[in-house]
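Structural overview
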Amino acid sequence: MSSIKEYFAEAGKGLKSLVSGMAVTGKELVTPKVTECYPENRANLHIADRFRAELTLKYDAQGHHKCIACGICQMNCPNGTIQLTTKMVDLPDGKKKRKLDKYMYDLGSCTFCMLCVTTCPQDALEFTNDFEQAVFTRGSLIKQLNYRPEPADDAPAPAPKPAMDPEKLAKIKAEALAKAAKIKAEKEAAAKAAQQGETPQQDKPEKPEAKSNDENKAN
């Protein structure tokens, strides 16, 4: 008896799901059709902001990007889509700095996981919603993201040190020479005294005290 009840219960559930599916299908049959007039409506076509189409570097108004070539995006990419090359450059202040040489990105192997964007410490990357990426060869999907010319570094050069006053410099040199001559003379005097068996400063013998007149008369 229980098996019969279970049979009809399962049959009722299947019929209910069938009716629900047919209802969705019937609703779509009577819904007005919408035709996208692409590419005629390319100028006013709305693309969702969250749509990920192509990885790009963020550039400011002066043409600078924030990438410091740390390589975190390259390490986190699961498909090896990103390849970075760096170079060492001399700054105007005389120091050396590592800079980005080439930022290569293979759109054909990108999974759009966004790990490169979320892990970038400088917030230098973003995905655009430009979906028109159709090409004839896979090699055309490999792009260099830092394609813009690199502006010159505007680091200020170190200010020159002010020259010392010639009179003050001559006075310092004279004092140094006098001090050196004094030290040399003391060393020579000490060496000469050591050769003669005397100390440089030998105490003189005390003179005997004069005898009184009474002592002289007694003698």
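Residues numbered from 1 in each chain as written. Predicted model: local features only at pLDDT ≥ 70, side-chain atom pairs only at ≥ 80, totals over all residues. Heavy atoms only, no water.

Now for the overall build of the protein chain. The helix and strand tally for the protein chain stands at five helices and five strands. Going from the N terminus to the C terminus, the protein chain shows its helices and strands as α-β-α-β-β-α-β-β-α-α. The 219 residues of the protein chain split such that 16% are buried. Long-range pairs, those at least 24 residues apart, make up 66% of the contacts in the protein chain between residues at least 6 apart in sequence. With an accessible surface of roughly 18200 Å², the protein chain has 57% of that area assigned to carbon and sulfur atoms. (Helix = DSSP H or I, 4+ residues; strand = E, 2+ residues; numbered from the N terminus. Buried < 20%, exposed > 50% of the residue type's maximum accessible area, 1.4 Å probe, protein only. Contact = heavy atoms within 4.5 Å. Areas by Shrake-Rupley, 256 points an atom, 1.4 Å probe, with all protein chains shown as cover.)

Turning to the nonpolar core, a few remarks are in order. Residues Leu-55, Ile-82, Tyr-103, Tyr-105, Cys-116 and Leu-125 are the most contacted members of the largest nonpolar core, which totals 21 residues. Elements with a contribution of two residues or more to this core: strand S1 (54-57), strand S2 (82-90), strand S3 (96-106), helix H3 (115-119) and strand S4 (125-128). With three residues, the single largest contributor to this core is S3. In this view, Tyr-105 contacts Glu-54, Leu-55, Thr-81, Ile-82, Cys-110, Phe-112, Phe-127, Leu-141, Ile-142, Lys-143 and Leu-145; residues no more than four positions away in its chain are not counted. (Core = buried A, V, L, I, M, F, W, Y, C linked by side-chain atoms within 4.5 Å.)

Here the focus is a nonpolar patch on the surface. On the surface, a nonpolar cluster with roughly 420 Å² of combined accessible area is contributed by Leu-15, Leu-18, Val-19 and Met-22. For Val-19, the position within the fold is in helix H1 (residues 2-30). (Patch = residues over 30% accessible without salt bridge, like charges linked within 9 Å, V, L, I, M, F, W, Y side chains within 5 Å. Salt bridge = Lys/Arg side-chain N within 4 Å of Asp/Glu carboxyl O.)

Moving on: the sheet that holds S3. Read from one edge to the other, the open sheet built from three strands follows the order S2-S3-S5, with strand pairing classed as antiparallel. A strand with exactly one partner marks an edge of an open sheet, and here the two such strands are S2 and strand S5 (142-144). Across the sheet, the axes of successive neighbouring strands diverge by a mean angle of 25°, strand direction being ignored. With three bridges joining them, S3 and S5 adopt antiparallel strand pairing. In the sheet register, Asp-106 faces S5, and the bridge partner there is Ile-142. (Pairing = 2+ DSSP bridges. Axes fitted to C-alpha atoms, helices over the stretch in contact; angles between N-to-C directions.)

A few words on the packing of aromatic side chains. Counted according to the given criterion, the structure contains four aromatic pairs. Ring geometry for Tyr-38 versus Phe-131: centroids 5.6 Å apart, planes at 50°, classification tilted. Of this pair, Tyr-38 sits in the loop between H1 and S1 while Phe-131 sits in the loop between S4 and S5, and the two are 93 residues apart along the sequence. Exposure remark for Tyr-38: the relative accessible area of 35% places this residue in the partly exposed category. With 5.9 Å between their ring centres and 55° between their planes, Phe-112 and Phe-127 make a pair best called tilted. Here Phe-127 lies in strand S4 and Phe-112 lies in the loop between S3 and H3, a separation of 15 residues in the sequence. (Phe/Tyr/Trp six-rings, centres within 6.5 Å; stacked < 30°, edge-to-face > 60°.)

Before going further, it helps to examine H1. If you check H1, its first and last C-alpha atoms are 43 Å apart, about what 29 residues at 1.5 Å a residue would give, namely 42 Å. Among the 29 residues in H1, zero count as buried, and that is only a small part of the element. (Expected span 1.5 Å × (residues − 1).)

This model, assessed by the stated rule, comprises zero disulfides. Not part of a disulfide, Cys-67 finds its nearest cysteine sulfur in Cys-73, a span of 6.2 Å. Considering cysteine sulfurs only, Cys-113 is the nearest to Cys-116, which forms no disulfide, with 6.3 Å between them. (Disulfide = S-S within 2.5 Å.)

For the rest of this paragraph, the subject is the side chain of His-65. Mapped onto the secondary structure, His-65 falls in the loop between S1 and helix H2 (72-76). Judged by its relative accessible area of 13%, His-65 is buried. Of the polar contacts made by the side chain of His-65, one reaches the backbone nitrogen of Cys-67; its length is 3.2 Å. Setting aside residues no more than four positions away along its own chain, His-65 makes contact with Leu-57, Lys-58, Tyr-59, Leu-100 and Glu-150. (Polar contact = N/O pair within 3.5 Å; in protein donor to acceptor, adjacent residues only side chain to side chain.)

Next up on the list: the pairing of S3. As paired strands, S2 and S3 are joined by nine bridges and run antiparallel to one another. Considered in S3, the bridge of Met-88 is made with Arg-98. Between the end of S2 and the start of S3, which pair antiparallel, lie five residues, with Gly-94 showing a positive phi angle near 95°.

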